[in-house]
Every structure is written in structure tokens, then in C-alpha cells.
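Listed here are the chains, written in short residue letters.
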Amino acid sequence: MKAILALTFDQLRNRRKGGIVMLALVATLASAAVVAGASVLGNSGDRIDEVHMSSGQPDLFVVGSDPDLFHRALSGQPEVVAIGTPSSGARVTIATSGNQGVSTRLGALDDPSSAGVGSPQLRSGRWVSGPDEIVVDAAWASSFGVSVGATVTVELNGKPTDMVAVGTAVDLGDCFYPNCTPVPGWVTSATLVSLKPDNVVTSGFATLAPGADDEAVASRIVNTNPGIHVGSWTDTRGDLLVTSQISSYFVSGLGVFVMVASALVVASTAVTAVVSRRRDFALLKTMGSTPGQIAAAILVEHLIVAAPAVFVGWVAGSFIAPSLEIGLVGPLGRSGVRLDPFLLVIALTIVLGILAMATVVPAARAGRDPIVEAIRNPPSRSGARLQRLIDQMPGSANTVLGTRLALARPARVLLASAALALAATSVYASWNLSRTVDQIFGDAALAGDPWDITIEPRSMSEAPDVDSVLRAEIGVDGWYRERQTSVIFDDDQVTTFVVASGSQVPGHVLLEGAKASPGQATAAHGFLEQYDHKIGDVITFEFADRSLDVELAGRHSDAEDLGVVLMVPVETFREAGIEVTLPLWRVVVADGVDPFDVKAGLQQRLPDGASVMVLEPDVAGPGFVTAVLIILTVIIVTVAAGNLAATMASTVRERQRRTGVLRALGLDSRQLLAQAGVAGAVVGVVAAVVGIPLGFVVSKAMLAAIMDLVGIGAGVATVPVVVPALVIAPICVAVGAVVGIGAAAPSMRTAAVELLRAD
């Protein structure tokens, strides 16, 4: 062991500083990517669980028409161990100056501590105490820039009331805005009474015994109490974490690219080090060092350099992770930096394992090289047949000599090309991922919202008036009616949209099959995946104590509840003797017409108190994801370019005598730099030929994983081929040429006589 350590430290003293810096850099970047990706999801989950615990572990969120129904629904459920104090509430619209309102679940709560289970968690300011005060949802406040002390407008039955936001808070009744509405809001009991709401509902939370299946209990309650809504913590937590999962997968996925690039760089530097020090290794063997000791010393040398770098990467990744969070920043703020020792162990295991695998082959080769062959100067060149083929290729002398320079060390240039090819793959994949995220966030129809305006009248008796107004509105292209409810399937609650079949799924993106007729339904990908069903299957679900058989006619695009969604014509329920009202009008605006202009016209003619809302897709996500992708791609490209520079510089150093001979024969610096540029360009061509097709394959796989995650599935995202190839291929060639010229430039400043003396 002493001999190995002695050899190791001797090699470290004699090794070029550039190689040590490159090895430390890639180890740092790889470990930072591993830690950051794991931290994003881990931090988000931990913070949500902390809110869950501080709220009294609200496992069920129950909404009923009155307090009696609320308590009756929970009574007799053996799993329920604690029930929070229910509160009265009403559906209102809340808005800020210059913005349209959002649907709000306004609850009456004089003292949050009295609520017990499910008590809202104050994030800023104080609790309400006066008649004109309101505590608003922290996520909504963050999105619209509402701070404590700002004035907001609460609209109920067409009557606006100005209130002062004295605080922001969150509860766990649903996921956070903008992913879910209505958003929560709280006022005093007296304030709610003064608003004179027509339809007051009662909502509250309950805690279940440890180990109880909250989704099964929620399904049982809904099935035996028609008209009640019950949300489970399992479902809520999944909804809350989905955006964090996407962020984590982006970071972790590209972190894999960083790690693979790191492995290629390490292998390349190890091969370079072995070739440049082969005479030293041979001399060590003449002095009694065994091949095993030499190979072990090379491996330990890399691990000694990498271990501190992994620690630096662990610290850096832990500090970077909070800035990569999305989804929970608005309601909960960014999490603090957590130096998790477990993640350090994981990073050490992964990165050092990769380094060991990348180093073991060249290390073993160094130990096996024959002494006489290794001492011979210069090192033998491999690929002689390839060199002869290059001599026969057409082209100028600079092209031929540059190609010979690039392929003088085939194994080494292959590793350099692989690293650059991986960078090309990363650019290609990032391009497509960013494009797809823009497509998903920018097109609400893909998320299951193929409409522009929602109308909800005060009373269903006003339905004929709404239809009449819509028929007279020039800017309206069409509309359909809808109700969101839940059915029980396989003992689970499944979100179900009941629609009028006359205009069934208008504008919805139908990915497979056909639109549903009475007796049929369409399902989103998440439902088909979770319950292992396919189009054409007949399923049975329960609603209002009735069992209904429906055929799955098609698959539509919907991200609600991660795609675990059904869409059923209202006639299917009516044929079973179940009357279901459709209280929402979903309005599609004609192309080129501003939805807000249509909204203004509708509000003037609709019955008093009708709620009119314009759908505004969330566009905050794409910019963030794109920024993350760009940052990580730049890291990978930088690592690959650095590796190529080190490889080309090593090749130039080994062939300094050749350069001196060429200069002595009359070649000038411009010609020699042109040869180096050709050499680098050859590497770029190889990288493009390998990286672009690989990028296509990786893009398809990553897009499929993301589409599965959000519940939409295949059939939405496509992977372009021509445009990325036309852009990436020239960039690879240009990067290779520039790096090659840069690596050769220093030797142009050295006198030819000095180059001829090179060993």
C-alpha cells in the first residue's frame, strides 16, 4: 500500500496542472448536478410534509352544502380520528387593479387556531379582525404581486367590495395557484354574512388513523353521500409536487449527461496521461514496481483529485438547488440551503464509481505495456492502416495533414469526439424539451382547457338567457356546457367532466379513438395507464349509488389530476335516471378576437351576478425550464470543449517535432493552424454524425417520460429533425475547428529549432 501511495503522490507532483484542473472540474460539475436534481424534489416534498404536519395532518378535505352534511359524511368512518372545525364559505371572484379576477373559495374564519385540523398557515402579515380585511392565498398573491396592505376587490353576485389584504396564507384544500382554482381566501364571519352569499357551503378537514388509505376512505364517503366533495391528501400531495418533479427530472436528466461527459473526459485524460508518461511507467517497472501497483496508483491518483471536487460539488449543488425550484416558490417561498450528508454519500458513490470505471482500462494498459516498447521514443502510433487511407484521400495538403493529425491517436480522438457528441445530443434534447414545454404551457387545450371564457350564472333558471346572449355575440365561435365532479372507479375517486354531447369535446385534443357518444366516455392517458385499460374497454363506475357501464371511445389530452380523468356525456347519466346539471358555459372565441373584449360585451348583456372569467394560461413555467436547460447545456458543452482542447493540446505536444520539421520545410504558421483547424473540424464532424441521431433518440425518450408524468401521454410532442441538424452540425464543426486552432497556437510562437529538439 505504501508503494502505491508513493507512486500516486509522485505522479501527482509530476502531472500537468491543466489535467488536474480538468479532472477536478468535471467531478465538481457531475456531483453538483446529482445533488441539485435530488435536492429539488427532496426539498419540495419535505416542505409540503412540514406544512401537512403543522396543519394537523389533514388527510381529507370535505366540502358539503351544510354543517349537518359535513358531520354526517364523516361520522361512522372508523379511520377518522380527528375532525377540524368546519367553516362556512362561498364562491366569489377576487381581483387586483388592472387584472381580471380569479375564482376564490372565500371562507369565514375568525381565529385560525380554532380550526384545529387543516388550519390555514399564515405566510405573511396577520389574521383578519375587521369587516374590510381579507387574508389571501399566498400563491395567488405571489403571482399577481399582491403584498400585505394592498387593496383587492371581492366580487359576489356582480357586486364588488374593496378589502385590504392584511395577510397571506395557504391551506391544503387543493394544489396551489395557478395549477388549481378556486384559490382560498379568508374573512371574518361577520364579513361573509355582510356579503350576502346565495349558496353557502361548509368545508373542513379530517385526520385519519396511521396507515389508513385516504383515497379509499374518500371514495367511500363520496359514494354514500351524493353531492359532497372529498379530496385526499395523497391526491393533493401529488398535484403539489408535479411541477417540482418536472424541474427535478430536467435537472437530473441533464445531470446524467454531465456525468457521462465527465466519464468520457476522465477516460480521455487518463489515456492522455498514460501515453505521455509511458516512459516513466516503464522506468518504474525496471525499479521494481509491479503492473498492479502502477495501475492502482493511476486509479488512486484520480480518486484523490476527484474526492475533494465531489465535496465542492455537493456544496455547490446544495446552494444551487433552491434557485431551481418551481411550483412551491410562490406559496412557500424558496427553501433554504440544506447540506444533506446522504446526498454527499450518493454523489461520492456515483461520481467516484464513474471515475473508477473510466480510469481502470487505461490504468491496466499502463501496467501491462512492455518495458522495452514503452521506453522507445517516440511512442508507437496506432492506426497505421487508417493513416495510409488518409494519405490517399482527395483534397489539399492541409486537409490531408490535418486529418492525419486528428486521427493520429484514434482511441483518444474517439473519446474527445464522444464527449462533443454528447454535448450535441444535450443541445438537441434541450432544444426539443424547451419547445415541448412551451407547447404544453402555451396551449391550454393540451391541458384539457380548450376554451377561452367561462360563464357561471347565479341560477340555472337563467340558462336560456345565457344561451341567447351567446348566440347574439359576434366574437363567440361556439360553446359547450360542463360540470366537474367525481365518480368512484376501482374504489378511487376519479375526476370526471360531464359535458353536453351535442358539442362533445369541442376543441379538446383527441389523441386516439373517437369522440364519446351517450353510453361512452373518453379518458386521459393517466387513467388508462393507472388502471391498465385501453380504448374499446367497457368500464363500470359508481355515481350517486348507481353503477354505470361505459365504453372508452377515445383518449383526449388532459393534465388535470395528472391525466387520471374521464369525460362523459351528460346523456349517459340521464339514461341511468340520474339528473346532472351543467352549471358552466365554456366559450370559444373566434380567431383573432380578444377574449377580454368579448368578456366586456357579455357582462353587459348577461343577467346580473353572472360570473365571466377569461382563461389565462400559465406562461411562467417555460421561461424557467428553458433557463435551466440552457445553463446545464452550457455546462456540458463547456466540459466537452475543454476535453477536446486538452486532447488536441496533448496531440500537438506529442507531435512538436513534426511541427518543427514542417516549419523547416517552409510551411508558415497560417498553414499549420489551418491543419490544426481541419483536425478539430474532423472531430466536430464525427461528433455531429453521432450526436444528432443520438439526440433524436434521447429526445423521444425524455419527451415520452415527461408526457407520462403530466398525464398527457404520447401523440402531442413531436421531435423535429431537419432544423436542429442544420444548426447543430455546423456548430460542432466550428467548435472543433476553433478549439483545434487554439490548441496549436502556442506552438506557433516557439522557434522551429526548439520544436526539433522536442523529446
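Values in this document were obtained by computation on a predicted structure and should not be read as measured data.

**What about the overall build of the chain?**
- Looking only at helices and strands, the chain features 24 helices and 21 strands.
- Here the chain holds 759 residues, and the buried ones make up 52% of them.
- Taking the intrachain contacts of the chain between residues at least 6 apart in sequence as the baseline, contacts between residues at least 24 apart amount to 81%.
- Carbon and sulfur atoms form 59% of the exposed surface of the chain, whose accessible area is close to 31600 Å².

**Some words on the pattern of salt bridges**
- Considering all chains together, one arrives at nine salt bridges under this definition.
- R220 serves as the salt-bridge partner of E79, at 3.0 Å between the closest nitrogen and oxygen. With E79 in the loop between α3 (67–74) and β2 (80–83) and R220 in helix α6 (residues 214–224), this residue pair connects regions lying 141 residues apart in the sequence.
- Exposure remark for R220: the relative accessible area of 33% places this residue in the partly exposed category.
- In this structure, R605 and E473 form a salt bridge, with 2.0 Å as the shortest nitrogen-oxygen distance. Placement of R605 in helix α19 (residues 595–605) and of E473 in the loop between α16 (463–472) and β13 (476–489) is noted, with a sequence separation of 132 residues between them.

**A word on the packing of aromatic side chains**
- One pass over the structure, following the stated rule, counts nine aromatic pairs.
- Relative to F144, the ring of W140 has its centre 5.6 Å away and its plane inclined at 40°; by these criteria the two rings are tilted. Of this pair, W140 and F144 are both found in helix α4 (residues 138–144), four residues apart, which corresponds to roughly one turn of the helix.
- Both rings, one in F489 and one in F527, keep their centres 5.2 Å apart while their planes meet at 45°; by these two values the pair is tilted. Placement of the pair is F489 in strand β13 and F527 in helix α17 (residues 525–531), with a sequence separation of 38 residues. Assigned by exposure class, F489 and F527 land together as buried.
- In textbook terms, an aromatic cluster arises when at least three aromatic residues are bridged by ring pairs, as seen for F489, F527 and Y531.

**What about the pairing of strand β1 (residues 60–64)?**
- Counting buried positions along β1 yields five of five residues, so the element is predominantly enclosed.
- With four bridges connecting them, β1 and strand β11 (residues 229–232) associate as antiparallel partners. Within the sheet, the bridge partner assigned to V63 lies in β11 and is H229.

**A closer look at the confidence of the model for the chain**
- Taken residue by residue, the chain gives an average pLDDT of 77. The fraction at 70 or more is 72%.
- For residues 379–383, every residue scores under 50 in pLDDT, and the model assigns this stretch twelve contacts once sequence neighbours within four places are set aside.

**Quick word on the side chain of S119**
- With respect to the secondary-structure elements, S119 resides in the loop between β4 (102–108) and β5 (121–125).
- If near-sequence neighbours (up to four positions away) are discounted, S119 is found in contact with S55 and P112.

**Considerations on the side chain of E473**
- Of the residues examined, E473 reaches a relative accessible area of 14% and is grouped as buried.
- The residues contacting E473, other than those within four sequence positions of it, are V598, G601, L602 and R605.

**A closer look at α16**
- For α16, every residue scored as buried is listed here: A463, V466, D467, V469 and L470. The arc that holds every buried residue of α16, seen down its axis, measures 165°, which confines them to one face. Those residues of α16 that are exposed and aimed more than 90 degrees away from the buried face are P464, R471 and A472.
- On its buried face, α16 is in contact with β12 (453–456), β13, β20 (584–589) and α19.

**Points about a nonpolar patch on the surface**
- A grouping of V722, V723, L726, V727 and I731 is seen on the molecular surface, where their side chains present a nonpolar patch of about 460 Å² in accessible area.
- Positionally, V723 belongs in helix α23 (residues 722–748).

**Remarks on the nonpolar core**
- Grouped together as the largest cluster of nonpolar side chains are 34 residues, with contacts concentrated most on I94, L106, I134, W140 and V154.
- Element by element, the count of residues in this core is highest for α4, at four residues.
- Looking at which domains feed residues into this core, each of domain 1 (1–59 + 230–376) and domain 2 (62–211) gives three or more.
- Ignoring anything within four residues of it in the chain, the contact list for L106 reads S88, G89, A90, V92, I134, V154, G185, W186, V187, L192 and L195.

**Examining empty space enclosed by the protein**
- Under the criterion given, the structure shown has six cavities of 30 Å³ or more.
- In this structure, the second largest cavity occupies an estimated 50 Å³ of space.
- In terms of lining residues, the second largest cavity is bounded by R105, D137, D171, G173, D174, C175, F176, P182 and P184.
- Residues that form the lining of the second largest cavity fall into these classes: four nonpolar, one polar and four charged.

**Section: α19**
- Those residues of α19 that sit buried are V598, K599, G601 and L602. All buried residues of α19 fall inside an arc of 165° around its axis, so they share one side. In α19, those exposed residues whose orientation departs by more than 90 degrees from the buried face are D597 and Q604.

**Considerations on unusual backbone geometry**
- Positive phi, normally seen in glycine, also occurs at Q57, with a value near 55°.
- Tracing the backbone shows Q57 in the loop between α2 (17–54) and β1.
- Since its relative accessible area comes to 34%, Q57 is described here as partly exposed.
- In this structure, K196 is a non-glycine residue whose phi angle is positive, near 55°.
- Structurally, K196 is set in the loop between α5 (189–195) and β10 (201–208).

**So, the pairing of β10**
- Along β10, seven of the eight residues are buried, which leaves the element largely enclosed by surrounding structure.
- Summarising the sheet, β1 and β10 pair through five bridges and their orientation is antiparallel. Counterpart to F61 in the pairing with β10 is F205.
- Sheet topology places β2 next to β10; three bridges connect them, and they run antiparallel.

What counts, and at which threshold
- Residues numbered from 1 in each chain as written.
- Predicted model: local features only at pLDDT ≥ 70, side-chain atom pairs only at ≥ 80, totals over all residues.
- Heavy atoms only, no water.
- Helix = DSSP H or I, 4+ residues; strand = E, 2+ residues; numbered from the N terminus.
- Buried < 20%, exposed > 50% of the residue type's maximum accessible area, 1.4 Å probe, protein only.
- Contact = heavy atoms within 4.5 Å.
- Areas by Shrake-Rupley, 256 points an atom, 1.4 Å probe, with all protein chains shown as cover.
- Salt bridge = Lys/Arg side-chain N within 4 Å of Asp/Glu carboxyl O.
- Phe/Tyr/Trp six-rings, centres within 6.5 Å; stacked < 30°, edge-to-face > 60°.
- Pairing = 2+ DSSP bridges.
- pLDDT = per-residue confidence, 0-100.
- Arc of directions from axis to C-beta.
- Patch = residues over 30% accessible without salt bridge, like charges linked within 9 Å, V, L, I, M, F, W, Y side chains within 5 Å.
- Core = buried A, V, L, I, M, F, W, Y, C linked by side-chain atoms within 4.5 Å.
- Domains from an automatic or database assignment.
- 1 Å grid on protein atoms, 1.4 Å probe; cavity = no way out; pocket = protein on both sides within 12 Å on 5 of 7 lines; lining within 4 Å.
- Points joined across faces, edges and corners; volume = space filled by probe spheres on them.
- Nonpolar A, V, L, I, M, F, W, Y, C, P; charged D, E, K, R; others polar.

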